[in-house]
Structures are given as C-alpha cells and as structure tokens.
Amino acid sequence: MIKKLLPPVAKIIPKSLDKFGHSRTDNYFWLNDRENPEVIDYLKKENTYYQKMTAHTKTFQKELFEEMKSRIKEDDESVPYLYNGYYYITRFEKGKNYPIYSRKKESLSAKEEILFDCNKLAKGQSYFQLGGLSISPDNKLAVFSIDTIGRRIYDIQVKNLETGKILADKIEKVSGTAVWANDNKTIFYSSQDEITLRSDKIFKHKLGSNQADDVLVYFEKDETYNVEVAKSKSRKYLAIESGSTLTTEYRILEADNPDGKFRVFQKRVRGLEYSINHYGDSFYIMTNADKSTNFKLMKTLATATPKENWAEVIPHRDDVLLEDIEIFKDFLVVEERFNGLNRIRIMPWSGEGEYYLPFESETYTAYTGTNVDFDTDILRYSYQSMNTPSSVIDFNMKTKTKEIKKEHQVLGGKFDKDNYTEERIWATAKDGTKIPISIVYRKGLKKDSKNPLLLYAYGSYGHSMDATFSSTRLTLLDRGFIFAIAHIRGGEDLGRQWYEDGKLLKKKNTFTDFIDCSKFVIEQKYTSPEHLYAEGGSAGGLLMGAIVNLAPELYHGIIVQVPFVDVITTMLDDTIPLTTGEYDEWGNPNVKKYYHYMASYSPYDNVKKQCYPNMYVSTGLHDSQVQYWEPAKWVAKLRSIKTEDSVLFLDTNMDAGHGGASGRFEAIKELAKEFSFLLDLEKIKK
C-alpha cells in the first residue's frame, strides 16, 4: 500500500488573463520561470514527494529494470549498409549506454574504423545526444553535432577521419543538421532563433573559417515556417525546405556549385504541400496539388520545376494514402497506407509487372529502410507486428526473393511469439466513425472484465501510430496486462482526412474517439474501469489531460509524459518554441473562434471539482517542445481542486528535455517507473 504523505502545495499568486471578453485566472503562472529559485524548489519538493510515496516500489523498479534489460542484446549492432565505398555500422557494447559509429572500407572483413564512440564523448555529461552526422564526399571528414542539455541546441564540429583529430571549426548553438557540398570543404547548416528555437536560417561555412564569417544563405521570415537543408539521394542537389503544417517550399542548388544561388523549385502557395526526389534529368514530386488529399506522385524536368510543368505519375486515390517513395535504377518503390495498414508497392520503370510485397498479419508495420544506392535491385525494408520482433530484410525486386539480414533478438530464452495474440478491433465513435484498435495479450486470457489494459494513443500532427513490437512491453503482457493502441483521428492512420478530422475546430474528435475506444474495450469485457489505464505523451499528453476532464470515471490510472496541457497560454505566447508554427494544427488563439474552441478543451483551463484517476506525470526541466511549467501548473491545479485521494505524482528530470533521459539504459529506468506505477495500482508484484 502507498503510504499517505502530504503533497507539496504550490503557492497561489493569481494572474488575470483576458482576451475577447473572456477572463481566466491563472494561480500558478509564476511557475513559468526556471531561473526563479522558488520554482526549482517546488519542482524538487514534488520529486521528493514522488520518491517518498513510491519508496516501497524501489526494489520492484530495480527488478523491472533488470528484467527488461535482460531481454536486450547488449552487444548489438545494426545491419551494415554500403555508401560511397564504405560499409557503415552502428553498434553497442555490453554495459554501455551509447552507440559506437564505425565503418569498414569496401568489405565487411576489412578493419573496423571507429568514427565516434559516444560513450567516450558522453563521459561526465548527465545528458548526451549526437546528431547531424554526415561524411564528406571524399570520405575524409565527418561533420557532427552534440547536445549536452536536452533542448536540441547543438554545437557542430568536424573530425578528420584520417588523423582522428577534431578541426578548429566550431559552430555553436545551432539546430544540429549539416550537409556537405561536393567540394569537401563547404558545409550548409540550419540555425534557430535563440528565444523561440524556430529553425529559421541556413548558413554556409567554409572549412578553416570562423562561425562569425559564415554566409547567411537563406532566412525564413514567416514565423509559422521552419527550415532545414538536405542533400538528394543522387548527391547532385542541395535542397532547402521551408515548411509549415500546411505548406512547403523548396529551393535547390547543384551540390557541385556551393557558391551559386539557390533557386525556388515551386513558390509557396498556402495549402500546397510537396516533397522532391531527384533522379536522372527529373524530379519526382509527392504533392497534394489539385485537391489530392491523400497525395499523388508527379514528375518534372530539373530544368522546369514550377508546378505548371508537373506531369502525373501516380494519380490521387480516395482510399490510399501515398506516404513515401524510394527510387532505384530499374524500380520505383512506393510506400502506401490502405485501411490503416502499410503497403509496399514495387513498380518497374518498364511499366510491366508491378506488385505488392505480401504481408499476412492482421495488424503489422512495414517500411523501407536504408536504401542509399540507386544502381541495385535490392530493397531493404523492415517488418514487425505486436507479437513479432522487427526484422531487417533485403528483397530482390527482380527475382522476388528475400534474405532476412537481422531479426531482433529477445534474450532470456522465454519469449515465443506464439504465446501472444494480436488483433485489430473496431470501435464506433459517437458520430458513427469506425476507429481501429491494435491489441496484443497473452494467449489464454479470458475476457471477463478483470484484465488490466493499457490504452495508448497520440492523435496529432498526422502522425500515425503503427502496431510495433516492444520487448520491454512483455513485462506488462507477462503479468496479465493487455496493451492496445487506439488509432484515433488526428493521426493519418486511415488517410489524410483522418488527420483533417482531428485538428483545428475538429480537435475534440481526437478526445471523444479515445473515450469511445475506452468504452468499447470495456463493453467487450477486455477490461473494466477498475482496471483500465491510459497513456500519452506530448500532444498525446494533451489527449490524456482532456479525457480525464471529460470521462475520469473510465480509468483507474493515467501515465502522462511531457504533456501539452496549457493550450491557450502557450499558443498566445509567440516567444515559446514551436508556437507560431503550430497555428495550422491547433488554430491561432488571436482569432476569436479558435480562442474559444481551445478554451473549451484546454486541460489546464478545464480542471474541475471532481474525482480524478491516479496519475503519474513526467517532464524535463530543459524541454524545448513542451515547457516544464505546463505539467507543473497542471499538477498544482489538480491538487487544489480534485475531490478524492487518488495519487498524483509529478516527476521532473532536472537534466533532460523532451525526449527524456539519454542513453538506452536510462530510458529503461524511466520505463520501470511507469510500469511500477501501473503494477503497484494493480497490486501485481510477480
């Protein structure tokens, strides 16, 4: 039993917030200042309260951690891929938290060349992330970036791969992405606004020069757009992408001409989205042009890129979402989504004999992997399902034969996929829409309403939640839990319209879909309100905040990770990272209709006097995407209003950001906290 202690009480300093004749009083606005010692003191008190209240689970947490860790092949490595004469490999060593990046010249039997040992680079750091790794065309240099705080603010450096020395060049406080021009001495990188962290500039850096001398290549003035720079698979073009939620615009430049001027591919038109892939003398364009909601594929000559020159290759289909393409010398590979499931379509350029890869599971995930070579018949793809560990497969598109290059190993000798049942079931939303749910549990389980069930969802930004395998999830399944994913509107699980019906002034569909999925698994006797748990993070944390306000009686416990819960205040503050770029997702609260709609569902503003489920809320002090004060304020308000003595924890990682702790083992420790919370509520200890 959890021993009762008095929780921290955040002091009340009322602040009136008025707009459009609507007045809100925010008693905890003062928590919006990480430099205030009182704020840090409050967060530490919440951490202490959480630690004391869960002291009885510490040994159990360690057991869960060791159990999950024991299933992981600690000395694991990726499937090598060949790029520009070298095989590249990412591997882990036993007992170490971070990856080692290496390569071998021309043959896998060649001597290994260590590029970066992140364990050495991370030494002495409480947080570490390596990003922006890119090898120069002559294979002699590597540009890389490092974040040691967790706010996704990186320093870029260059390593001489022949001598092992780090060059004097250092580009500080940027977004971390960098690419090489073909001259082996020019780097293009993106930089962000110091306050909002919006990626808004592309710079050009010449090796041997100072950052102060870097040339500004492009500045994105529109605050709703972000920019990034990339290199085409053909290695012939550099591309700057300016993108908002609804609109994209590209600028291109030949990679052989780094001092040339980028030119607009197709100028931005609000609502026009497109992405480009270069091959031969042409570009292939995935676009929603001409009301192609689910996107179509078009083609144009590299010398005539504006939209009026685009010709259709694959037409728009109302029931199939076009997600991505891979181009090879003799084949076009198309990734699609139909009826909520992935499909991989093989289309020979000859126009004859196209086909789909066969997948037989009821619910699964399949996607193309690392395919960096044009002149090959081999397609690398990955496959997994909720009871089937992931595999990396090389498929010969001519002979239609496949070679499994790697199967994810679940160590311990106890795992057998046949011990688990996976299903796809369909709940009916209140407006009649059918919502798919992917579900997995141990065979032999009885649908008697007594099973604990963890229901997960995200439901924003058109991000689809695929049915993937997790070895750590076995810790719950083997203790009788059912795990389910609700494919609610707001994602693109059933096509682009699925996303459109869960955003802006239709956002509430996301919340009611999840509630209707919850009711359905209860009605079907998979579980009951006494044993139903829900989980979501970031925008999925907004979902959790909304459903506990709307239907708290359905859930026994909630896991809420880095939640976006103070919607109006955040969206009205254009100094906060991401805010202006989010207007096309949530709406601009400076417009009356969006303000009032947000006010009707914002979790923080709609906390009310009622019973709330048991809740575990986690955040990071340095989070750049959802600021720590959102969950802190929300928990403080819940404490002051909720009517029962259910547990409420706020656990702040004082060293991490939006992604939580860095390092594979630290992440498992965080998962052990969440699982112990659930299992303690269920009184499951074995």
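The structure displayed is predicted, hence computed values, not measured ones. (Residues numbered from 1 in each chain as written. Predicted model: local features only at pLDDT ≥ 70, side-chain atom pairs only at ≥ 80, totals over all residues. Heavy atoms only, no water.)

(A) Quick look at empty space enclosed by the protein. All chains considered together, the criterion is met by 2 cavities of 30 Å³ or more. Considered as a void within the structure, the largest cavity measures approximately 80 Å³ in volume. Its residues placed into classes, the lining of the largest cavity shows 6 nonpolar, 5 polar and 4 charged. The space that makes up the second largest cavity amounts to roughly 70 Å³. Ranked by residue count, the leading element in the lining of the second largest cavity is helix 12 (residues 664-681), at 5 residues. In terms of residue class, the lining of the second largest cavity is built from 6 nonpolar, 4 polar and 2 charged. (1 Å grid on protein atoms, 1.4 Å probe; cavity = no way out; pocket = protein on both sides within 12 Å on 5 of 7 lines; lining within 4 Å. Points joined across faces, edges and corners; volume = space filled by probe spheres on them. Nonpolar A, V, L, I, M, F, W, Y, C, P; charged D, E, K, R; others polar. Helix = DSSP H or I, 4+ residues; strand = E, 2+ residues; numbered from the N terminus.)

(B) Geometry of unusual backbone geometry. In this model, Lys173 sits at a positive phi of 55°, which is unusual for a non-glycine residue. As for its placement among the helices and strands, Lys173 is situated in strand 10 (residues 166-174). Residue classification places Lys173 among the exposed positions, given a relative accessible area of 65%. Despite not being glycine, Phe295 has its phi angle at roughly 75°, a positive value. Along the polypeptide, Phe295 turns up in the loop between strand 20 (282-287) and strand 21 (296-301). (Buried < 20%, exposed > 50% of the residue type's maximum accessible area, 1.4 Å probe, protein only.)

(C) Just the packing of aromatic side chains, in detail. Applying the stated criterion to the full structure yields 37 aromatic pairs. Through a chain of ring-to-ring contacts, the aromatic side chains of Tyr237, Tyr250, Phe265, Tyr274, Phe283 and Trp310 assemble into a single cluster. Across the ring face of Tyr86, the terminal group of Arg103 is positioned such that the distance to the ring centre comes to 3.9 Å. Looking at Arg442, its charged tip hangs above the ring of Tyr420, at a distance of 5.2 Å from the centre. (Phe/Tyr/Trp six-rings, centres within 6.5 Å; stacked < 30°, edge-to-face > 60°. Lys NZ or Arg CZ within 6 Å of the ring centre and 35° of its normal.)

(D) The sheet that holds strand 28 (residues 378-385), seen in detail. Taken in spatial order, the 4 strands of this open sheet run 27-28-29-30, and their pairing is antiparallel. Each edge of the open sheet carries a strand with a single partner, namely strand 27 (364-368) and strand 30 (401-407). Along the sheet, successive strands turn relative to each other by an average axial angle of 25°, direction set aside. For strand 29 (residues 388-396) and strand 30, the ladder comprises 6 bridges, and the chain directions are antiparallel. Across the sheet, Ser391 pairs through a bridge with Glu407, a residue of strand 30. (Pairing = 2+ DSSP bridges. Axes fitted to C-alpha atoms, helices over the stretch in contact; angles between N-to-C directions.)

(E) Molecular detail of the packing of helix 6 (residues 508-523) against helix 7 (residues 539-550). Here helix 6 crosses helix 7 at 65°, and the two axes come no closer than 9 Å. Taken together, the axes of helix 6 and helix 7 lie roughly perpendicular to each other. At the point where helix 6 passes helix 7, the crossing takes the right-handed sense. Where helix 6 approaches helix 7, its residues Thr510, Phe511, Phe514 and Ile515 are matched on the opposing element by Leu542, Leu543, Met544, Ala546, Ile547 and Leu550. Tallied by class, residues from the contact of helix 6 with helix 7 come to 9 nonpolar, 1 polar and no charged. (Parallel < 35°, antiparallel > 145°, perpendicular 65-115°, else oblique. Left-handed = near helix turned anticlockwise from the far one by under 90°. Contact = heavy atoms within 4.5 Å.)

(F) Representation of the side chain of Lys642 in the model. Note on placement: Lys642 falls in the loop between helix 11 (629-641) and strand 38 (648-653). Judged by relative accessible area, which is 16%, Lys642 ranks as buried.

(G) Structural context of the nonpolar core. With 111 residues, the main nonpolar core has Phe514, Ile547 and Trp634 as its most contacted residues. For this core, the element with the most residues is helix 12, which contributes 8 residues. Discounting chain neighbours no more than four positions away, the residues touching Ile547 are Phe511, Phe514, Ile515, Ala534, Pro552, Tyr555 and Ile558. (Core = buried A, V, L, I, M, F, W, Y, C linked by side-chain atoms within 4.5 Å.)

(H) Structural detail: the packing of helix 1 (residues 37-53) against helix 11. Direction vectors running N to C along helix 1 and helix 11 enclose 65°, while the axes themselves pass 12 Å from each other. Crossing of helix 1 over helix 11 shows left-handed handedness. In this structure, helix 1 uses Tyr42, Leu43, Glu46 and Tyr49 to contact helix 11, whose residues at the interface are Ala632, Val635, Ala636 and Arg639. Class assignment of the residues belonging to the contact of helix 1 with helix 11 gives a composition of 6 nonpolar, no polar and 2 charged.

(I) Broad picture of the pattern of salt bridges. Summed over all chains, the structure comprises 48 salt bridges. For Lys204, the salt bridge is made with Asp259, and the minimal N-O distance between the two is 3.0 Å. Taken together, the residues Lys204 in strand 13 (residues 199-206) and Asp259 in the loop between strand 17 (248-254) and strand 18 (263-264) connect sequence positions 55 residues apart. With relative accessibility at 12%, the residue Lys204 sits in the buried group. Accessibility expressed as a relative area gives 52% for Asp259, which makes it exposed. Two residues, Arg337 and Asp466, come together in a salt bridge whose shortest N-O distance is 2.9 Å. (Salt bridge = Lys/Arg side-chain N within 4 Å of Asp/Glu carboxyl O.)

(J) Just the sheet that holds strand 17, in detail. Reading across from one edge, 15-16-17-18 is the order of the 4 strands in this open sheet, with antiparallel pairing throughout. The strands lining the two open edges of the sheet, one partner per strand, are strand 15 (226-231) and strand 18. Relative to strand 17, strand 16 (residues 237-243) is paired through 7 bridges, and the arrangement is antiparallel. If you follow Ala239 over to strand 17, its bridge partner there is Ile252.

(K) A look at the pairing of strand 4 (residues 86-91). Where strand 3 (residues 81-83) and strand 4 come together, 3 bridges link them in antiparallel fashion. Across the sheet, Tyr83 pairs through a bridge with Tyr86, a residue of strand 4. From the end of strand 3 to the start of strand 4, which pair antiparallel, there are 2 residues, and Asn84 there has a positive phi angle of about 55°. Alignment of strand 4 against strand 5 (residues 100-105), held across 6 bridges, turns out to be antiparallel. Within strand 5, the residue paired with Tyr88 across the bridge is Arg103.

(L) Local environment of the layout of surface pockets. Put simply, the second largest pocket is a space of about 1400 Å³. For the lining of the second largest pocket, the secondary-structure elements that each account for two or more residues are strand 4, strand 28, strand 29, strand 33 (453-456), strand 34 (482-486) and helix 12. Looking at the lining of the second largest pocket, the element that brings in the most residues is helix 12, giving 5 residues. The residue makeup of the lining of the second largest pocket, split by class, is 18 nonpolar, 13 polar and 10 charged.

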